[in-house]
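Spelled out, the chains give:
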Amino acid sequence: MPIAIIGAGLAGLSAARQLREAGVASVIFEKSRGLGGRMSTRRVDHLQFDHGAQYFTAKGARFRALVADWQTQGAAAPWGEASFVGAPAMTSPARALGEGHHILTECQVSALQRGPDGWRIETAAGPVGVEGNGHFDGVFLAIPAPQAQALLATCALNLPGIETVQYGPCIALMLAFDAPINLTADRMKLEDPVIRWIARDSSKPGRPQGHTTLVVHAGPEWSRAHLEETPVSLADVLLTQFQNVTGNRAVPIYKSAHRWRYALVEQAVGTSCLFDAAAGIGACGDWCLGPRVEAAFDSGEALANAFLASRST
Ligand SMILES: Cc1cc2nc3c(=O)[nH]c(=O)nc-3n(C[C@H](O)[C@H](O)[C@H](O)COP(=O)(O)OP(=O)(O)OC[C@H]3O[C@@H](n4cnc5c(N)ncnc54)[C@H](O)[C@@H]3O)c2cc1C
């Protein structure tokens, strides 16, 4: 029977890749239309924005090798010193990783059931009947910790430690201009009480040319205080603050705000994954090791390895 992996972000895709290397099949369930989770790209007509993860670093040998593969395939490229971006979009590495895997998109898992024949997965549309007659040998939760806890509750299980995880939210502002915009750098970390980060998205390799696109991130304190406000009003407030901070008064041809509730892990579990070998269920994600793409990758691999080790004893 295959393994059910919930979530097609970097952690879930990395777990699936590691299982496949060991000859174990998986089915990935993803609630969105596309892959990559918070390594995301918003497309609006001819405009494109990386409104989640801005770039990634590669410190460990295995992730470095994978990033080198992505570069060879044209799915990633350097942006600045010792950092990379997906190319031509931040979702490109996830698409490359997902190739050849069995992935069900627009498929939100709502409940898990464990029975004598293995695990069954329920979605908003009802139980899923896929290969293995809808039964799975194990379940990997590759989703943010609060969402993983909610799914664990549906089968009366817990993975101790998961409740300690804390996230900071982030409100992202996307701006497009039909003329160049004067900024002191293509990426700027700010000490401002509202704005934490400004990136000239159109300076990233492989991006559509013809417009200047910017992504502006509010800091976690400000984002937390304003998370329930409407995206329309948040876009107006953040644009005003962007103008005050940078002195740019140009009128954007596009502006939009996105609210990330679980953006950056503030408190991680501190272990590479959580796994209940007896039940055959585990969880992985950046929340295990820290708020980075590479941490999500490492955690997915670690969970697959823990599962494989449990089956070989
Ligand atoms: C604004 C922002 C800026 C960031 N900047 C950086 C940066 O510069 N550098 C860096 O390294 N990292 C950055 N990060 C963090 C980085 O994006 C994450 O660490 C990493 O992408 C997490 O991967 P993941 O697989 O653990 O989780 P996710 O990417 O969140 O993937 C989880 C997936 O599960 C899916 N899902 C959730 N619930 C269900 C369900 N019930 N059923 C089916 N599918 C479900 C989601 O749709 C999603 O695709 C940033 C994140 C944000 C939001």
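This structure is a prediction, so every number in the text was calculated from the model and none was measured.

Thresholds, definitions, all that
- Residues numbered from 1 in each chain as written.
- Predicted model: local features only at pLDDT ≥ 70, side-chain atom pairs only at ≥ 80, totals over all residues.
- Helix = DSSP H or I, 4+ residues; strand = E, 2+ residues; numbered from the N terminus.
- Rg over C-alpha atoms; globule rule 2.2 N^0.38 Å.
- Buried ≥ 20, exposed ≤ 12 C-beta atoms within 10 Å, placed from the backbone.
- Contact = placed C-beta atoms within 7 Å.
- Near = placed C-beta within 6 Å.
- Nonpolar A, V, L, I, M, F, W, Y, C, P; charged D, E, K, R; others polar.
- Domains from an automatic or database assignment.
- Pairing = 2+ DSSP bridges.
- Axes fitted to C-alpha atoms, helices over the stretch in contact; angles between N-to-C directions.
- Core = buried A, V, L, I, M, F, W, Y, C linked by C-beta atoms within 7 Å.

(A) Representation of the overall build of the protein in the model. Counting secondary structure elements, the protein contains 8 helices and 18 strands. Relative to the compact-globule value of 20 Å for 313 residues, the protein shows a C-alpha radius of gyration of 20 Å, a close match. Considering only C-alpha atoms, the protein reaches an extent of 65 × 40 × 35 Å along its principal axes. Taking all 313 residues of the protein together, the buried fraction comes to 46%. Considering only intrachain contacts with a sequence separation of at least 6, the fraction spanning at least 24 residues in the protein is 67%.

(B) The arrangement of the site of the ligand in detail. Residues in close proximity to the ligand total 37 residues, the closest being Gly7, Gly9, Gly37, Gly285 and Asp286. The set of elements that each furnish at least two residues to the shell around the ligand consists of helix H1 (10-21), strand S12 (166-177), strand S16 (254-267) and helix H8 (293-311). Tallied by class, the residues present in the shell around the ligand amount to 21 nonpolar, 11 polar and 5 charged. Mapping the shell around the ligand onto the domain boundaries places at least three of its residues in each of domain 1 (3-39 + 91-164 + 268-311) and domain 2 (168-265).

(C) Quick look at the sheet that holds S16. Here we have 5 strands laid out as an open sheet, ordered S13-S14-S15-S12-S16, and antiparallel in their pairing. Every interior strand has two partners, whereas the edge strands, strand S13 (187-189) and S16, have only one. Shown here is a sheet whose adjacent strand axes are inclined to one another by a mean of 20°, direction ignored. The sheet contact formed by strand S14 (residues 195-200) and strand S15 (residues 212-218) spans 5 bridges and is antiparallel. Within the sheet, the bridge partner assigned to tryptophan 197 lies in S15 and is histidine 217. The strands that helix H6 (residues 231-246) touches are S12, S14, S15 and S16; relative to S16, the one it contacts most, it runs at about 90°.

(D) Region of the structure containing the nonpolar core. Among the nonpolar cores identified, the biggest contains 95 residues, and Ala4, Ile6, Ala15, Phe140 and Cys284 are the most heavily contacted of them. Each of two domains, domain 1 (3-39 + 91-164 + 268-311) and domain 2 (168-265), supplies a minimum of three residues to this core.

(E) Summary view of the environment of aspartate 178. Mapped onto the fold, aspartate 178 is located in the loop between S12 and S13. With residues near it in sequence (within four places) discarded, aspartate 178 still touches His211 and Ile253.

(F) Seen up close, the sheet that holds strand S18 (residues 281-283). Spatially, 6 strands are ordered S7-S2-S1-S11-S18-S17 in an open sheet, and the strand pairing comes out mixed. Two strands close off the open sheet at either side, each with one partner strand: strand S7 (102-104) and strand S17 (274-276). With direction set aside, neighbouring strand axes in the sheet form an average angle of 15°. As paired elements, strand S2 (residues 26-29) and S7 share 3 bridges and run parallel to each other. In the sheet register, isoleucine 28 faces S7, and the bridge partner there is isoleucine 103.

(G) View of the pairing of S12. The element S12 is extensively covered by neighbouring structure, given that 9 of its 12 residues are classed as buried. When S12 meets S16, the two strands line up antiparallel, connected through 10 bridges. Looking at S16, one finds that tyrosine 167 is bridged to valine 265. Taken together, the 6 bridges between S12 and S15 define a ladder with antiparallel strand orientation. In the sheet register, methionine 174 faces S15, and the bridge partner there is valine 215.

(H) Layout of the domain arrangement of the protein. Domain parsing of the protein yields domain 1 (3-39 + 91-164 + 268-311) and domain 2 (168-265). Taking only C-alpha atoms into account, the centre of domain 1 sits 31 Å from that of domain 2.

(I) Geometry of the environment of glycine 12. Within the fold, glycine 12 resides in helix H1. For glycine 12, the contacting residues outside a window of four places in its chain are Ile5, Gly7, Ile28, Phe140, Ala142 and Gly300.

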